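What follows is the residue order along each chain.
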Amino acid sequence: MNFSIFTLISIYLIASNFAFDAETERSIDNFVENVFMRNNEIPGVGLSVVRNGTVLISKGYGMRNITAGLTVDQNTLFAIGSTTKSFTAVLVVKTLNELYPERGAAVLDTPIAKLIPPTVNFTLSDRYRAEQTTFRDILAHRTCLLNGGIDLLFGTMTAEEYAFRSRYIPQVCEFRNGYHYNNNMVALAGELIAAIAGTTLRNMTLSLARDIGMENTTCIDFDGVYESLPDMSQPYILRNGTLVEFDIFQLRRIHVGLGTGGILSTANDMAKYMEFHLSQGRVGNRQIVPTNVMNWLYTISNGFDFRGSRRDDADSSVYGDLGTAQGFFSALYDGWSVIHHGGYWPPYVCDMCLFPATKIGIFICSNGPGLLMNYPSHEITSVNIFELIRGTNRSLEEIESKNRKFDNHFIEEHLFDGHKANRVSTVLHYSRIRNKVELNALQLYFSEWAHGRLQQVPGSNTNFSVHWDTTIMDYFYSGLRAPLNFWIDFGIVDSVLLRVDFNNLEFQFVKNATLDTFPAIPWSPSSCGPE
């Protein structure tokens, strides 16, 4: 009898601690509109919050199209960017379990070369990786191959060609001995699991979305006319302090890497997706993915050197990423377990945070102006909302004070570790074969898209600055709020170097090179490791 009373009291206290009422919602509205959006000059936001199978919030703030006077609502479409990687991971574990149920979780550690049909060519930069890389290696970002995100900006290619070029990505750390965020590899994992399933990644993604009940979610296709979709949000960037329209046509470039960032979704649909995860693969009375298989996703497979983010002795908070799971990051926030992934496809930025112990999920997405420079970030906005939802009896001001000091530290050292690593990579060697460079009348062409005029740098016969005529600069406004300076060095006989005044980035291009000038298999038959 005493045990029963204790249990009832415990349940009552937990339920009380997680109360949600109109005042809480007003506090969230106030923070999103007057702090998050105002501080960062965000045009529009979609937000959804779920808890214990109930959608607490699914709504929009601000404008999805300023010129047309259209507001954001729960059905407004946003590009969710790398949050797509979690969908790809779900498809991987779901398909592998269905095809190889006897292997259990060990199927994630089976070399992909042993799973794919004989007609599929899986080649990486060295023979050992090609023979041993597993889906766990790819989804947990431990292949230690250089991220090729720049390919999504420069050049026009098919998804098949994008996957083929992955074989030329060089090593940046020893296989399975580090963490390096990799868009190429996850895009490739999506194409490979579709080949194993005997269908297309697009069909698999849409089928999963419909099974979950995500009726408005779709995939970016190069032939899609997204600006004409009735609920599509117009993306914006800040140029010279003013919000201007970003060329929505450029969204199509992600079609080559659908599995890494090519989904459009809404706050309402993402609420259903979060509930699918928090319910461990169940939708209503249907178990879409077995519970034990869903748990494969959240297991840390690439641990970080976690030391917590306490700032002083009086601060008991512990905050940061523990490591990568499958298509997710596993983290701690103030002692709570967090499964999360952000998304950035210029200039859209999103964040999805799942708190399994409390069954709370938070999704937030903006249609500009790109990566945020001021407090609060999407991630900090999510955890501030979590604090309000779980009923900590703290005021909004107290919650802000607690989390403000973590914001920049959290972004730079945890959530965006991989992206930061991409920025400081000094030479993207394999980019030299990605685009044909043509020099004509002092004009520089990268495919049909990036077109710039060259102006000679005073005092140099081989260095030219680039003045872009095309929308490539909009991507850099989205990331940095200002144009970058580019220099071209023609001092190398057989190639040109594109130098960028941001973390000493260099991109090398072989003049008039094509894939035909490089070996189909980038290692000799007797090779084992990287050459």
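None of the values given here were measured: they were computed from a predicted structure.

Cut-offs applied
Residues numbered from 1 in each chain as written. Predicted model: local features only at pLDDT ≥ 70, side-chain atom pairs only at ≥ 80, totals over all residues. Heavy atoms only, no water. 1 Å grid on protein atoms, 1.4 Å probe; cavity = no way out; pocket = protein on both sides within 12 Å on 5 of 7 lines; lining within 4 Å. Points joined across faces, edges and corners; volume = space filled by probe spheres on them. Helix = DSSP H or I, 4+ residues; strand = E, 2+ residues; numbered from the N terminus. Buried < 20%, exposed > 50% of the residue type's maximum accessible area, 1.4 Å probe, protein only. Pairing = 2+ DSSP bridges. Salt bridge = Lys/Arg side-chain N within 4 Å of Asp/Glu carboxyl O. pLDDT = per-residue confidence, 0-100. Contact = heavy atoms within 4.5 Å. Axes fitted to C-alpha atoms, helices over the stretch in contact; angles between N-to-C directions. Parallel < 35°, antiparallel > 145°, perpendicular 65-115°, else oblique. Left-handed = near helix turned anticlockwise from the far one by under 90°.

Caption draft 1: The layout of surface pockets, seen in detail. Each pocket or cavity is described by its volume, and for the largest pocket that value is around 590 Å³. Every residue lining the largest pocket is counted, 26 residues in all, and those nearest its centre are Thr158, Ala159, Glu160, Ala163 and Glu191. Those elements that place two or more of their residues in the lining of the largest pocket are α6 (159–164), α7 (183–197) and α8 (201–212).

Caption draft 2: Spotlight on the pairing of strand β14 (residues 336–345). The element β14 is largely enclosed, with a buried count of eight among its 10 residues. In terms of strand pairing, strand β13 (residues 329–333) meets β14 through five bridges, oriented antiparallel. Along β14, the bridge assignment pairs Tyr333 with Trp336. Count of turn residues in the β13/β14 antiparallel hairpin: two residues, of which Asp334 carries a positive phi of about 55°. Looking at chain direction, β14 and strand β15 (residues 348–355) are connected through seven bridges and run antiparallel. Bridging across to β15, Tyr344 finds its partner in Val349.

Caption draft 3: Summary view of the sheet that holds strand β8 (residues 263–265). Read across the open sheet, the three strands follow the order β4-β8-β5; overall the sheet is antiparallel. With one partner strand each, in any of the chains shown, β4 (78–79) and β5 (218–219) form the two edges of the open sheet.

Caption draft 4: Quick look at the pattern of salt bridges. Under the counting rule described, the total for this entry stands at 13 salt bridges. When the shortest N-O distance is used, the salt bridge between Lys59 and Glu25 registers 3.1 Å. Separated by 34 residues along the polypeptide, Lys59 in strand β2 (residues 54–65) and Glu25 in helix α2 (residues 22–40) bring together distant segments of the chain. Here Arg286 ties to Asp211 by a salt bridge, and the two come within 4.0 Å at their closest N and O atoms. One end of the pair, Arg286, is in strand β10 (residues 286–287); the other, Asp211, is in helix α8, and 75 residues separate them in sequence. A relative accessible area of 44% places Arg286 in the partly exposed class. Residue Asp211 is classed as partly exposed on the basis of its relative accessible area, which comes to 25%. Counted as one network, the salt bridges with shared partners bring together Glu25, Asp29 and Lys59.

Caption draft 5: Layout of the confidence of the model for the protein. Summary statistics for the protein give a mean pLDDT of 84 and a share of 82% for residues scoring 70 or more. In the model, residues 1–17 has pLDDT below 50 throughout and makes two contacts with residues more than four positions away in sequence or in other chains. Note on residues 409–442: pLDDT is under 50 here. Beyond four places in sequence and across chains, it has 108 contacts.

Caption draft 6: Here's a closer look at the packing of helix α3 (residues 84–99) against helix α11 (residues 291–298). Following both chains from N to C, one finds α3 and α11 inclined at 135°, their axes separated by 10 Å at the closest point. What the angle tells us is that α3 and α11 run oblique. Crossing of α3 against α11: the hand is right-handed. Side by side, α3 and α11 meet where Ala89, Val90, Val93, Lys94 and Asn97 of the first sit next to Val293, Trp296 and Leu297 of the second.

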